[in-house]
Amino acid sequence: MKVLLGMGGAEDSLDALEETVTRAAAAGDELTIGIVENPESDRTPEQLVAAANAELEAVGLDADVRQLSGDPGSSLVQVAESEAFDQIVLGGGQRSPMGKIRLGQIAEFVLLNSHVSVKLVR
Amino acid sequence: MPDERVYPEDVAGEFPRPPTEFTDREDREIEVRAWREHHDADSEAFEALVEMYVDFDPADRAQGVPPVGETRVRDWLENLLEQDGFDVLAWHGEDVVGHGTLVPDDETTFELAIFVHQDYQGAGIGTELIEALLGYGQEHGAEYVWLTVERWNRPAVALYEKVGFETASAESFEMEMAIRLS
């Protein structure tokens with residue numbers, strides 16, 4: 001399966017990275033990691049590229065890691081649709097102090113606008 | 001300190017301080033009490049609260065809380081209590097039938113949530129519970145209170161509006177509402 005993992009740098013996108021790389025190695029997915037600029041995130045795109053490469057090396061998987069410019073949600077949808085991906089994977093939201101799950105803005109945009117199936121990782 | 005969220009300009013009036021007692025619309029005697037003493041995970045109140053949540057209708061969950069199953073309920077509640085916010089419980093005899101909580105972001109700003117057991121909904125308990133919770137918060141210096149609610153949950157939105165919450169942000173799937181207490 002051709003999988004596009006979108007990473008904006010919030011905590012949930014790091015969980016999604018780990019889960020997706022592990023599953024890609026086991027299932028033989030063709031994985032692309034798209035790093036987007038998330039204004040809600042404290043991590044820089046360079047830090048995310050490093051985190052992605054470290055995770056890939058740990059399991060010995062080869063994947064395309066790229067930085068996507070422009071609006072994060074729409075750039076992910078555009079890449080997924082124009083390059084015939086089977087699935088977009090994103091972090092499944094952050095918890096508020098009292099434990100309620102809230103989806104990030106990127107996930108909300110992608111869910112509503114993507115023609116490609118979307119997977120949220122919890 | 002308020003964050004980017006928009007709080008109402010007007011300060012809400014004084015809310016009743018717990019304990020409060022009333023007869024609900026089903027003629028049941030209900031008492032709302034602040035959970036001060038033994039506000040921890042090995043008290044009788046904690047066990048009564050666990051019991052309410054284990055029996056909670058999964059269809060009444062909101063944004064993943066309360067979780068399903070006793071182990072997850074206990075983990076969630078223990079984590080909630082460790083944050084040292086303010087909690088009120090609605091009691092019917094020995095049973096906890098409602099829970100309201102203020103979880104701190106900082107000393108003056110709190111996230112609010114209330115839960116009423118399905119057998120006790122639609123009887124006016126939610127209003128009494130949230131008013132006592134806000135009164136309890138006022139008593140202890142809470143200034144800003146916010147919450148999130150799924151926008152299709154009209155009964156909940158109506159209740160929050162009735163006690164003075166206003167929409168703070170409506171850009172996400174769930175709506176954010178806020179109130180200024182002092």
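Here the structure is a predicted model, which is why all the values come from computation and not from measurement.

Draft legend 1. Spatial organisation of the packing of helix α3 (residues 72–82) of chain A against helix α4 (residues 105–113) of chain A. Residues and elements named next belong to chain A. Packing of α3 against α4 leaves a shortest axis separation of 8 Å and a crossing angle of 40°. With respect to α4, the axis of α3 lies oblique. Note that α3 runs across α4; the crossing there is right-handed. On α4, the residues that touch Pro72, Gly73, Leu76 and Val77 of α3 are Ile106, Phe109, Val110 and Asn113.

Draft legend 2. Structural context of the sheet that holds strand β8 (residues 174–180) of chain B. Residues and elements named next belong to chain B. With mixed pairing, 8 strands are arranged side by side in an open sheet as β1-β2-β3-β4-β5-β6-β8-β7. A strand with exactly one partner marks an edge of an open sheet, and here the two such strands are β1 (20–23) and β7 (166–169). Each adjacent strand pair in this sheet contributes to an overall mean axis angle of 25°, direction not counted. Two elements, β7 and β8, share 3 bridges in a ladder whose sense is antiparallel. Bridge pairing in β8 links Ser169 to Glu176. Helix α3 (residues 125–139) rests against β1, β2 (29–34), β3 (86–92), β4 (95–104), β5 (109–116) and β6 (144–150) of the sheet, and its axis sits at about 155° to β5.

The rules we used
- Residues numbered from 1 in each chain as written.
- Chains lettered and ligands numbered in written order.
- Predicted model: local features only at pLDDT ≥ 70, side-chain atom pairs only at ≥ 80, totals over all residues.
- Axes fitted to C-alpha atoms, helices over the stretch in contact; angles between N-to-C directions.
- Helix = DSSP H or I, 4+ residues; strand = E, 2+ residues; numbered from the N terminus.
- Parallel < 35°, antiparallel > 145°, perpendicular 65-115°, else oblique.
- Left-handed = near helix turned anticlockwise from the far one by under 90°.
- Contact = placed C-beta atoms within 7 Å.
- Pairing = 2+ DSSP bridges.

Nothing here speaks to function; it is geometry throughout.
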